Amino acid sequence: TANAGEYQLKINNEKREHHDVVQIDHFESYANVIYKEIAALKWANHFYPDIPYLFKTDDDLIVDTILVSSIGKLLLTNVSLHDSFLVQNRP
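Conventions we followed
- Residues numbered from 1 in each chain as written.
- Predicted model: local features only at pLDDT ≥ 70, side-chain atom pairs only at ≥ 80, totals over all residues.
- Heavy atoms only, no water.
- Helix = DSSP H or I, 4+ residues; strand = E, 2+ residues; numbered from the N terminus.
- Buried < 20%, exposed > 50% of the residue type's maximum accessible area, 1.4 Å probe, protein only.
- Contact = heavy atoms within 4.5 Å.
- Areas by Shrake-Rupley, 256 points an atom, 1.4 Å probe, with all protein chains shown as cover.
- Phe/Tyr/Trp six-rings, centres within 6.5 Å; stacked < 30°, edge-to-face > 60°.
- Polar contact = N/O pair within 3.5 Å; in protein donor to acceptor, adjacent residues only side chain to side chain.
- Patch = residues over 30% accessible without salt bridge, like charges linked within 9 Å, V, L, I, M, F, W, Y side chains within 5 Å.
- Salt bridge = Lys/Arg side-chain N within 4 Å of Asp/Glu carboxyl O.
- pLDDT = per-residue confidence, 0-100.

Digging into the overall build of the protein chain
From N to C terminus, the protein chain includes 4 helices and 0 strands. Counted from the first residue to the last, the protein chain has its helices and strands arranged as α-α-α-α. Sorting the 91 residues of the protein chain into buried and exposed places 7% on the buried side. Excluding contacts between residues fewer than 6 apart, the proportion of contacts in the protein chain whose partners are at least 24 apart in sequence is 2%. Accessible surface computed for the protein chain: about 8200 Å², of which carbon and sulfur atoms make up 59%.

Some remarks on the packing of aromatic side chains
In the structure shown here, the tally under the stated rule is 2 aromatic pairs. Centre to centre, the rings of Trp 43 and Phe 47 are 5.5 Å apart; their planes meet at 45°, and the pair counts as tilted. One end of the pair is Trp 43 and the other is Phe 47, both in helix H2 (residues 33-47) and 4 residues apart, which spans about a single turn. By relative accessible area, Trp 43 is classed as partly exposed at 26%. Considering the side-chain rings of Trp 43 and Tyr 48, the 5.7 Å spacing of their centres and the 55° angle between planes classify their relative orientation as tilted. Among the aromatic side chains, those forming a connected cluster through ring pairs are Trp 43, Phe 47 and Tyr 48.

Quick notes on the side chain of Asn 32
Inspection of the secondary structure puts Asn 32 in the loop between helix H1 (2-18) and H2. A polar contact of 2.8 Å, which involves the side chain of Asn 32, links it to the backbone oxygen of Phe 27. Among all residues touching Asn 32, those that are not within four sequence positions of it are His 26 and Phe 27.

Description of a nonpolar patch on the surface
On the surface, a nonpolar cluster with roughly 420 Å² of combined accessible area is contributed by Val 22, Ile 24, Ile 34, Tyr 35 and Ile 38. Within the secondary structure, Ile 24 is located in the loop between H1 and H2.

Focus on the confidence of the model for the protein chain
Close inspection of predicted coordinates is inappropriate in any region flagged by low pLDDT. A residue-level look at the protein chain finds 84% of positions with pLDDT of 70 or above and a mean pLDDT of 82. When the elements of the protein chain are averaged for pLDDT, helix H4 (residues 85-88) gives the smallest value, 66, and H1 the largest, 89.

Encoded structure:
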């Protein structure tokens, strides 16, 4: 459809300008989510083979950035601070 072509043009412009879109050709369904995961891992391995951690999210998820930041600090420093978000809010 015309809308699909317009969206693809916008996506291509975003990819060209920011290099921040990984796009694969597959039928969108919950059963095919694994293909997006594998594509993201392949992309990261190709462009950033030495990164210690990879965080992948999707457009229908809400990310707790404070929690992600605390987990990142914990993983990078291997130190659990008593006043950290993780310790203060553990179950």
